[in-house]
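Breakdown of the fold
The lines below spell out each chain.
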Amino acid sequence: IITPMITPFRKDGTVDFEATGALLEYLKEIGIYGVFPLGSTGVFPFLALEEKKSFLSYIVENSRGMKVFSGIGSSSTQESMELAKHSSDAGADVNVLMPSYYITPGQEEIKKHFSSVIEASDLPLFIYNIPQLTGVFIALETIESLKDKYTSVAGVKERSGDMRHFSRRAASADRDFTVFQGQDDLLLASLSLGADGGVCGLTNFSDYVQKAYESYKAGNLKRALDIQMKVINPLIKAVNVPVFPSGYYHASYRIHELSGGFRSPMTEVPAAIKEKINKSLEDSANAFSEM
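Notes on the structure in this doc start here.

About the criteria used
Going along each chain's sequence as written, the residues are numbered from 1 onward. It should be noted that, the model being predicted, local features are given only for residues of pLDDT at least 70 and side-chain atom pairs only at 80 or more, the latter also being counted only at that level, while totals for whole chains, interfaces and linings use all residues. To get the side-chain values, all heavy atoms of the structure are used, and hydrogens and water are removed first. A side-chain nitrogen of Lys or Arg and a carboxyl oxygen of Asp or Glu constitute a salt bridge if their distance falls within 4 Å. Each helix is a run of DSSP H or I of at least 4 residues and each strand a run of E of at least 2, with the numbering of both proceeding from the N terminus. Each residue gets one of three labels from its accessible area relative to the maximum for its type: buried under 20%, exposed over 50%, partly exposed in between, using a 1.4 Å probe on protein chains only. Throughout, a residue-residue contact means that at least one pair of heavy atoms, one from each residue, lies within 4.5 Å. Side-chain rings of Phe, Tyr and Trp (the six-membered ring for Trp) are treated as a pair once their centres are within 6.5 Å; stacked means planes under 30 degrees apart, edge-to-face means over 60, and tilted covers the remaining angles. Helix span, expected: 1.5 Å multiplied by one less than the number of residues in the helix. Any pair of N or O atoms that falls within 3.5 Å is considered a polar contact. Within protein, one atom must be able to donate a hydrogen and the other to accept it, and sequence-neighbouring residues count only if both atoms are side-chain atoms.

Time to look at the pattern of salt bridges. Tallied over the full model, the rule gives 13 salt bridges. With a closest N to O distance of 2.5 Å, Arg64 and Glu25 form a salt bridge. In this pair, Arg64 sits in the loop between α2 (49-61) and β3 (67-71) while Glu25 sits in helix α1 (residues 17-29), placing the two residues 39 residues apart along the sequence. Using a relative accessible area of 32% as the deciding quantity, one classes Arg64 as partly exposed. A salt bridge links Lys230 to Asp226, with the nearest nitrogen and oxygen atoms 3.9 Å apart. Pair noted here: Lys230 and Asp226 are both in helix α10 (residues 221-239), with a separation of four residues, about one helical turn. Here Asp226 falls in the buried class, since its relative accessible area comes to 17%.

With that out of the way, let us pick up the side chain of Gln210. One can find Gln210 in helix α9 (residues 208-217). Relative accessible area serves as the criterion here: at 6%, Gln210 is assigned to the buried category. Each residue touching Gln210, except ones within four places of it in the same chain, is listed here: Ile1, Ile30, Gly31 and Ile32.

As a further point, take the packing of aromatic side chains. Scanning all chains against the criterion turns up twelve aromatic pairs. With a centroid separation of 6.1 Å and an interplanar angle of 75°, the aromatic rings of Tyr249 and Tyr253 are classed as edge-to-face. Taken together, the residues Tyr249 and Tyr253, both in helix α11 (residues 246-255) and four residues apart, mark about one turn of the helix. Among the residues examined, Tyr249 registers a relative accessible area of 0% and is labelled buried. Judged by relative accessible area, which is 5%, Tyr253 ranks as buried.

Across its twelve residues, helix α4 (residues 107-118) extends 16 Å between first and last C-alpha, which sits within 8% of the 16 Å expected from 1.5 Å per residue. Among the residues of α4, those classed as buried are Ile110, His113, Phe114, Ser115, Val117 and Ile118. Of the surrounding secondary structure, the elements contacted by the buried residues of α4 are α3 (77-90), β4 (94-97), β5 (125-129), α6 (140-149) and β6 (153-158).

Here we come to the environment of Glu82. When you line up the elements, Glu82 lands in helix α3. On the basis of relative accessibility, which here comes to 35%, the residue Glu82 falls in the partly exposed class. In this view, Glu82 contacts Leu49 and Lys53; residues no more than four positions away in its chain are not counted. A polar contact is formed between the side chain of Glu82 and the side chain of Lys53, at a distance of 2.6 Å.

Okay, here's the thing in structure tokens:
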């Protein structure tokens, strides 16, 4: 299980490195395999280039033995290339890249974007398909083309939610190509289709996903299904009521007892929705304790 990390902020909107260190310690304690800073949950578009570099460097230096999957996404190919080089120099393990966004690319533009970034770094690279936010779906043929051309293309994080597409993608998983599900509520179904694991945002503040994964790998399918249906799915529904990803930040700040802030243009979660998330956190904990 990989954690797409939030970027903890102070009340004034600056990056809180002390809280980041505490989060890394928590993730290590609950058994997380790797961390993915500067993804969508980490609101990477809201950070300046130098902030991204310093945050990535801090994560690598304080990773506590967890693998570091560096988010190097940008609407600028040149900026992604610069981040890819920095990630390599900092000592990260893998780069993670989505298509450029805002001006919607076609498949040929996606190939060019990825090729330029891949050639700028010696690190393995994961392709990140998240059409909800980039505005474009990476075709299977595009992924295969990049995989065939570059040995450094090591896997894919699939977050489209399209399970028919995912089943075709998972069929290509092998020792040299890893497939991760990026939706917490689709984890168990994806593992059954051959996924290697998940990149799951709930792990920022709970160990339920990790426990479901461990139960599945141990062959305890009933317990894994109980956790998925009674704990993970209701909680993922609750934290996604407000505009993504502010619910994840509220839940993380609450569980880790932080008076954290929200980087503009993020807004704080309304009080009524906070109450719903808080209740879901409590209900989830009670449901798990009864299993």
